[in-house]
Every structure is written in structure tokens, then in C-alpha cells.
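Fold and geometry: a report
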Amino acid sequence: MLYYFFNGITNTQQYIAIAFLLAFVVCFIFLKLKLPFLPKDKGRAFAVNGEVSKGKIRGAGLIMISTFVLCSVFLLPITKEIICYDILIFLEMLSGYLDDASDTPWSDYKKGFIDFIICLIISVVFVCNNSTEIMIFDYEIHVHPVLYIVLSTALLWIGINVTNCSDGVDGLCGSLSIISLLSISLIFFSQIGEQYTVYSFILIGVLIAYLCFNANPSSQLMGDAGSRAVGLIIVLIILKSSHPISYLFLSAILLLDGIAGLIKIFLKRFLKIEVLKNIRTPIHDEMRKNHNWSDTQVLVRFCIIQVFISAIYFIICA
């Protein structure tokens, strides 16, 4: 594979840059083709400005995640662990794509169950190949493998769904995901190692290519095919850092934007408790509808806040 070719002629930084550029170029070319089998958005009845998206290409995540998986196979050493992750990430993308392409949207229960199974298998694969020691700032804690599987499955599931929730403003999901991935890679480079730093930068390259078509006004949307898989990858790399608590900081805006809606739906559906009645969720809809922020203001302000949170976390951990 290309990994063994480049490994002898480049240093780590050069190889990371090559992986980033190749992923960007390949993804950009295929997105530019506007492949005819990609579904079109039907508009979202309950989303702010949802009608604006009607008719745009939806499901571009099929191209994005396929590019990510292919680049991973060719640019990283072949290990059973990485191959397992690539297969499961592809399956997560495929479930989202089939939902995007379906005339009748899949139920929350169906999507949630598929997410749970994929997250559970990833957690088992992770525990079979990695230590279950975690760091909470400077304190090392041993977590029993079974408990680790339970907790990591929950974190992966949350990551999928909050990232999916952020995909309602042009450029928002992609931009916040890039900031999160860059933060994780820079702060925890020594923990995640060269291979998973390359893994991270392959996804960054794919996301930047996507933003070329998703900047306001967008022509393409990643849909569930992209956002759900992206959320899965972010949490996977967080787990590789052995600092799972860092997700609260390095993906803080993704988490805050989506978690309120998940809590609101869960309490109403299962406990018949209504909370946050006067607040629209995701939070980006609250800012647009009730605080008159434009899409650009939401994007820029959310990204600025995330950069500041990441910088503060870096100072604390340095």
C-alpha cells in the first residue's frame, strides 16, 4: 500500500500532509462530479429555513466517508483493528445514506438501534486492542473492560447523534468537526500516535473538500450519511487519546448544540416530562429563530467559541 512507499521517503509531518492533500483532492473531484445516484433533499418541515435546502444534493456523506475509508486503507498500515473500524464506519455511513435516500424517513428507534449495535461492536474491538486505562487530567484510572465497553458505547452513540444534530446550518457540522479533530490531534499527538493522527487528517481533508460545496449558500449536504459517521470517528479518536473527558471540551459546541434536543426528546418520549419548552433545539435553531442570528453568524460565533474552549483546554493540559 502507499503507506509503505511513502514511509521510507517522508517524515511524519510530511506524511500527514500528503494524506491530508490526497484525501482532499479525491473527495473534491468526486463531489464535483455531482453523481446522479445521490438523493435530493426534500426540505425539513420543522427546521428553521428548512425549505431552503429543498432540491440540494443530500447524502454527499456517501462520497465523503467512502473516500475516508479508501484513503485509510491505502495510506495506513493494514491492521485488524483499523480494518474493523473502517468497516463499521462504512456501515454507519451506509445506514445514514439509506435513510437519506428513503422516501419515508427511518424512525428514531430504527436509527438508534443501528447506532447502538455499531457503537457496541466498536467498543468491543477497542477493548480487545487497547488498554482501558483512562486519564482525567493528570489522574490515571483503571476502568474494568466491561464498564469501559458500556461507557464508550454510550459516548460513541452520543457523538453520532449530537454531530448529526449540528448538520442544519451550512458549514457548521464540517467546521466544528475540523476544529475538534485538529484540537485532538495537536493536544494528544503523542497519545494517539502517527497512525491515528493520519486517520484524523484524512477526515479533515475530506471535510475541507466538502466545505467547498457546503459553504453558504450550499449546493451539497452531507446528510445522515456524513454527519453520523463523522461523529463516530471523532469519538473514536478521542478514545484513542485515553482522555475521554476531553470530548466535553474539544467537541463542546457540537455537544451543547445537540445534547439539549436529545435530552428534551428522551424525557418527553419516555418519562412524559416536558423541559425547555421555550427553547428550540438544536441550539443553532434557537439562535436563528429567537435571537435573529444569520446562518453566517451562527457558524462564525460557534466556531470562535469552540476555538477558545479548545485553547483554554490546551493551556490546562499543557
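Quick note: structure is the one above.
Okay, so let's go over this structure. What you are looking at is a predicted structure, and each value in this text was computed from that prediction instead of being measured.

1. So, the packing of helix α7 (residues 172-187) against helix α11 (residues 252-270)
A pair of packed helices is captured by two measures, namely the crossing angle of their axes and the spacing between those axes. Here α7 crosses α11 at 140°, and the two axes come no closer than 9 Å. One finds that α7 runs oblique with respect to α11. Taking contact as the criterion, the partners of Leu172, Leu176, Ser177 and Ser180 in α7 are, on α11, Ile253, Leu254 and Asp257. Partitioned by chemical class, the residues of the contact of α7 with α11 number 4 nonpolar, 2 polar and 1 charged.

2. Describing helix α6 (residues 145-165)
Here α6 is 21 residues long and its end C-alpha atoms lie 30 Å apart, about the 30 Å a rise of 1.5 Å per residue gives. Within α6, burial applies to Tyr148, Ile149, Ser152, Thr153, Leu155, Leu156, Gly159, Ile160, Asn161, Val162, Thr163 and Asn164.

3. A look at the pairing of strand β2 (residues 133-136)
Pairing between β2 and strand β3 (residues 139-142): 4 bridges, direction antiparallel. Among the inter-strand pairings, Ile134 is bridged to a residue of β3, identified as Ile141. Two successive antiparallel strands, β2 and β3, enclose a turn made up of 2 residues, where Phe137 displays a positive phi of approximately 55°.

4. Some thoughts on the environment of Asn130
Among the structural elements, Asn130 can be located in the loop between α5 (108-129) and β2. Considering only alpha carbons, one finds Asn130 and Leu232, 102 residues apart in sequence, at a separation of 18 Å. Those residues in contact with Asn130 that lie beyond four places of it in its chain are Glu81, Tyr85 and Lys240. There is a polar contact of 2.8 Å between the side chain of Asn130 and the side chain of Glu81.

Parameters at a glance
Residues numbered from 1 in each chain as written. Predicted model: local features only at pLDDT ≥ 70, side-chain atom pairs only at ≥ 80, totals over all residues. Heavy atoms only, no water. Axes fitted to C-alpha atoms, helices over the stretch in contact; angles between N-to-C directions. Helix = DSSP H or I, 4+ residues; strand = E, 2+ residues; numbered from the N terminus. Parallel < 35°, antiparallel > 145°, perpendicular 65-115°, else oblique. Contact = heavy atoms within 4.5 Å. Nonpolar A, V, L, I, M, F, W, Y, C, P; charged D, E, K, R; others polar. Expected span 1.5 Å × (residues − 1). Buried < 20%, exposed > 50% of the residue type's maximum accessible area, 1.4 Å probe, protein only. Pairing = 2+ DSSP bridges. Polar contact = N/O pair within 3.5 Å; in protein donor to acceptor, adjacent residues only side chain to side chain.

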